[in-house]
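Structural features, examined
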Protein chains: 2
Amino acid sequence: MKKIYSIAAAVMICGLISAQPGRAPQVEPLPEGFKPASTNTFISQYPGVNPQTRQAIFRVVAPGAKTVQLQLSGTHDMKKDEKGVWWYTTDPLVVGFHYYAIAIDSVPVMDRGSKAYFGSNWESSGIEIPEGPEGDYYRFNKNIPHGQIRSIQYWSEVNGLERHVNVYVPAGYEKDTKSKYPVLYLVHGWGENEDGWSVQGHMANIMDGLIASGKAVPMIVVMPSGDIQTNSDVREAKGNITDIFVKDLIPFIDKTFRTYTDRESRAMAGLSRGGMQTTMTVFSNMDKFAWMGTFSGFFMGRQGGETPSVETAFNGVFKDPAAFDKQINLLFISTGTEERNPKEQVESLKAHGIKNIVFHESQGTAHEWLTWRRALNDFAPRLFK
Amino acid sequence: MKKIYSIAAAVMICGLISAQPGRAPQVEPLPEGFKPASTNTFISQYPGVNPQTRQAIFRVVAPGAKTVQLQLSGTHDMKKDEKGVWWYTTDPLVVGFHYYAIAIDSVPVMDRGSKAYFGSNWESSGIEIPEGPEGDYYRFNKNIPHGQIRSIQYWSEVNGLERHVNVYVPAGYEKDTKSKYPVLYLVHGWGENEDGWSVQGHMANIMDGLIASGKAVPMIVVMPSGDIQTNSDVREAKGNITDIFVKDLIPFIDKTFRTYTDRESRAMAGLSRGGMQTTMTVFSNMDKFAWMGTFSGFFMGRQGGETPSVETAFNGVFKDPAAFDKQINLLFISTGTEERNPKEQVESLKAHGIKNIVFHESQGTAHEWLTWRRALNDFAPRLFK
């Protein structure tokens, strides 16, 4: 049987290779201690990572280029060998997920060894510098039940366009068709898209683990796009994010899934710009949400040059601390220690008398996905209890 | 309210831009008659397509490059303007989806205007040359109910790894929790992955339309990976595709979804290599499948240099036509007219007496996605009836 297919396969594969660009060539073996990055396409050996030293090695075939650079925490000149292959081995990198680009004669492009990760509004390269066992919470665990991520197109009247949303349903949702679930709306940041939480963030692995261990209650997690214009089509996109969420998305979710629809069963959180969209949406719809989180996205801001004040920020939502605590069961604010830190603002809110506030810092990480995986892992267990 | 957020947003966005490569610059307006390709990232004006002339215009910012070429149905030199921007306008292109690459100083890379489409085992650029109303069947239709595509990780004992599978469930699956459904297993081709059918193929729009119009019966469509090694991890992947499907995937699907589990309610189809995997899997598991389709993937092949023969092909499965027809309700074979055509083989099977065979040709298209969208649209209505 095998023989028949292998001949036909060879014919077909040759046909495909000539018709499409990009066949993977044979490559030099990785140096000792290095393995292919988990963020590579499945056949790519490079870039490689060394889990012990946290170094990464990059390889670009570009015999015709004058210069090739790696753009990853700065710009680094790669070095050409006699075969026209360019190389660079990094210093130890911070653990977690980092975007990067390759500049060929100063044109930044995607490294073809990497899977595509949508960031900064283009399909970018990414590399994961693995953590040890402390990163197990965001890895696939074959010994526990798994939820599903559902990819759905729905029509938004406010937006005047179809919109894409990813919805995580917990393990058991499928079988136990009587149960209802609370809902967390979880938003990405600027330049990324609604796939960010499931792809870069590994949110399904995180939620599967929290729910299986009993740390978090089973919940539905809705991951919408935070952009108004979500396609390149010439049709005009209308509306604003809060209206799209409140008038179209929430009713669609409550109609489509078995949800609890009271405010005590609805949370919203987001990272970076999504954190701002969370404060914007929740603070103007306190009848619809009782839990909230902003990951690397909390800024009380300044109005007309005045010093930020807990009294006036967000149209005075914090003015009466007891009233705030009565409405919001949790205001979770998080940050990486290596980025702009809202610690002082959090302290001022606590000093003002807000009690339902939790502050989380990710040690040693910046405005990046490891910060947000850690935030979700700390945040989700606090919801709906 | 707006003012507070716009200042904070500006601060945050600047932080992001400096931390990540790839901000979209202001660009020249598209020539008259052109609009952004639907395959672009949502902020990209270029490449543009002219729906009337079926031309495409490409733009690459590469002031430091010596040569820039477009690789799309051949290699085309792009022309640099005084600002270091390179341009190329194509002749009229065939409608449908085409992969392409940009070669910067002979290094083929992804065009940053395009979304990433996994093809030829790397993240490739793609461009859709739109059809007129005849392409409506694969476009989103806001006036009909929509199914969901579910992204699931499951453990394969045969493979020794977790595997990713996309599962389309039809509109109504969620609400009508008593109904059971037949299942179509639908496989991608070499160099692509399990997202191909939903992303490049728009299978959800096609199935939604066929089911809403009553042309196809509501069914579950399972889209697995056709590769053994599906990650860049160093863990060893084991097994073969037929075993992974039959021993792990089918039981997992039947355990997880409300499926009919008899052979009359199970179909398998695939494109290119996936078509070969279909013949390989179905012909060695006739107790499990009663319907099958091979899109641009049917080859009776040659054994040891003999002339292909309907008697000996696939271990003699066609030898007794009546016995074959009794087991297989449908053998659907399709092709594009501009690729290797199995017409003669189909004729020989018909002449031999096989009745349950349907042959479908996509006019004017080659080994590409429009061929396969058309095939699915013709194939799915024939199933489970």
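Residues numbered from 1 in each chain as written. Chains lettered and ligands numbered in written order. Predicted model: local features only at pLDDT ≥ 70, side-chain atom pairs only at ≥ 80, totals over all residues. Heavy atoms only, no water.

1. Observations concerning the relation of the copies chain A and chain B
Applied cut-off: Least squares is used to superpose the copies, and the fit set is the C-alpha atoms of residues whose pLDDT is at least 70 in both copies. Two residues form a contact once any of their heavy atoms are found within 4.5 Å.
Structural alignment of chain A on chain B gives an RMSD of 0.0 Å, achieved by rotating through 180° and translating 0.0 Å along the axis. A rotation of that kind, with that shift, is consistent with a two-fold axis. Proximity to the rotation axis, assessed at the C-alpha, singles out R150 of chain A in chain A; its C-alpha lies 2.1 Å from the axis. Same-surface contact between copies: 100% of interface residues of chain A are shared with the interface of chain B.

2. Some points on the domain arrangement of chain A
Residue and element names in this part refer to chain A. As a reminder of what qualifies: What fixes the domain bounds is an automatic or database domain assignment. Buried area: the accessible area, evaluated with a 1.4 Å probe, that two parts lose upon being put together, summed over both parts. Put simply, a salt bridge is a Lys or Arg side-chain nitrogen that is within 4 Å of an Asp or Glu carboxyl oxygen. Here a polar contact is recorded for every N or O atom pair within 3.5 Å, except that within protein the pair must consist of a potential hydrogen donor and a potential acceptor, and residues adjacent in sequence are included only if both atoms are side-chain atoms. Any residue that is not Ala, Val, Leu, Ile, Met, Phe, Trp, Tyr, Cys, Pro, Asp, Glu, Lys or Arg is counted as polar, Gly included; the first ten are nonpolar and the last four charged.
Entries for chain A in the domain assignment read domain 1 (7–130) and domain 2 (137–382). The distance between the C-alpha centroids of domain 1 and domain 2 comes to 33 Å. At the junction of the two partners, domain 1 supplies 13 residues and domain 2 supplies 16 residues. When domain 1 packs against domain 2, the two sides together hide about 1000 Å² of surface, and 50% of this comes from carbon and sulfur. If you look at where domain 1 meets domain 2, you find one salt bridge. There are seven residue pairs in polar contact (both at pLDDT 80 or more) connecting domain 1 and domain 2. Grouping the amino acids of the side of domain 1 that touches domain 2 by side-chain chemistry returns seven nonpolar, five polar and one charged.

3. Here's the deal with the environment of G74 of chain B
Inclusion rule: Under the scheme used here, helices are H or I runs from DSSP no shorter than 4 residues and strands are E runs no shorter than 2 residues, and both carry numbers assigned from the N terminus.
Structurally, the position occupied by G74 of chain B is in the loop between β4 (68–71) and β5 (75–77). Separated by 299 residues in the primary sequence, G74 of chain B and R373 of chain B place their C-alpha atoms 24 Å from one another.

4. A few points about the sheet that holds strand β2 (residues 48–50) of chain A
Residue and element names in this part refer to chain A. We count it as follows: Any two strands with at least two DSSP bridges between them are considered paired.
With antiparallel pairing, the five strands of this open sheet are ordered in space as β1-β2-β3-β7-β6. Where the open sheet ends on each side, the last strands, each with one partner, are β1 (35–36) and β6 (79–80). Here five bridges tie strand β3 (residues 55–61) to strand β7 (residues 85–89), and the two strands are oriented antiparallel to one another. In the sheet register, V60 faces β7, and the bridge partner there is W86.

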